[in-house]
Amino acid sequence: MRNDAVEITRPAEGVHWHALESDEVVGRGYAMRRPDGRMFISIDSWRSATFRRLVTAMLSDIPAPVYTLVDLNDHELLANWRRAGFRTLRREREYVIPTDPAVTGLGRVLPPLDDPAG
């Protein structure tokens, strides 16, 4: 179908946007204000044209500045955000740290005793 057949709706006042095509949801947008006051948005769509329609609608409803998170290995999504005017503010690394005592070897370690003076 053509991109102009996609309708952007807000199912309820708040933080959700839907992209509808023939009454079928073909994309979703979500906004969340973090405790530090920054507004983050995310978009889940299967087509770049739908992404553009969603991001345009969301940015017209949300006051700037607006942020998002993108995995740098997701080149298509990164390109969509860049086309929408977003730029890289900072890069972060994510580490997976095992917590399973069988993996860490900490199962044999006793927790510290409570300090009655503390």
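Structure: see above.
Remember, it's a predicted structure, so these values are computed and weren't measured experimentally.

Draft legend 1. Local environment of the pattern of salt bridges. Under the counting rule described, the total for this entry stands at four salt bridges. With a shortest N-O distance of 3.3 Å, aspartate 61 and arginine 10 are connected by a salt bridge. Note that aspartate 61 is positioned in helix α1 (residues 48-61) and arginine 10 in the loop between β1 (7-9) and β2 (16-21), a separation of 51 residues in sequence. The class for aspartate 61 is partly exposed, based on a relative accessible area of 40%. For the salt bridge of glutamate 21 with arginine 47, the shortest nitrogen-to-oxygen distance reads 3.3 Å. With glutamate 21 in strand β2 and arginine 47 in the loop between β4 (39-45) and α1, this pair connects stretches of sequence that are 26 residues apart.

Draft legend 2. Broad picture of α1. In this model α1 runs 20 Å from its N-terminal to its C-terminal C-alpha over 14 residues, within 8% of the 20 Å that 1.5 Å per residue would give. Taken as a whole, α1 has its buried residues at Thr50, Phe51, Leu54, Val55, Ala57 and Met58. Around the axis of α1, the buried residues are gathered within 165° of arc, so they sit on the same side. What points out from α1, more than 90 degrees from its buried face, is the exposed set Thr56 and Ser60. Each element contacted by the buried residues of α1 is listed here: β1, β2, β3 (24-33), β4 and α2 (75-83).

Draft legend 3. Representation of the side chain of serine 45 in the model. In this fold, serine 45 is placed in strand β4. Serine 45 gets classed as buried once you look at its relative accessible area, which sits at 19%. Side-chain polar atoms of serine 45 contact the backbone oxygen of arginine 47, separated by 3.4 Å. Once residues lying within four places of it in the same chain are set aside, the contact partners of serine 45 are Val26, Gly27, Thr50, Phe51 and Leu54.

Draft legend 4. Main features of α2. Of all the residues in α2, the buried ones are Leu78, Asn80 and Trp81. Along the axis of α2, the buried positions cluster into a sector of 160°, meaning they face one direction only. Projecting away from the buried face of α2 at angles above 90 degrees are the exposed residues His75, Glu76 and Arg83. Check the buried side of α2 and you find it contacts β4 and α1. Phi for glycine 85, located one or two positions after α2, is positive at around 100°.

Cut-offs and rules
- Residues numbered from 1 in each chain as written.
- Predicted model: local features only at pLDDT ≥ 70, side-chain atom pairs only at ≥ 80, totals over all residues.
- Heavy atoms only, no water.
- Salt bridge = Lys/Arg side-chain N within 4 Å of Asp/Glu carboxyl O.
- Helix = DSSP H or I, 4+ residues; strand = E, 2+ residues; numbered from the N terminus.
- Buried < 20%, exposed > 50% of the residue type's maximum accessible area, 1.4 Å probe, protein only.
- Expected span 1.5 Å × (residues − 1).
- Arc of directions from axis to C-beta.
- Contact = heavy atoms within 4.5 Å.
- Polar contact = N/O pair within 3.5 Å; in protein donor to acceptor, adjacent residues only side chain to side chain.

This is a description of form; function is not addressed.
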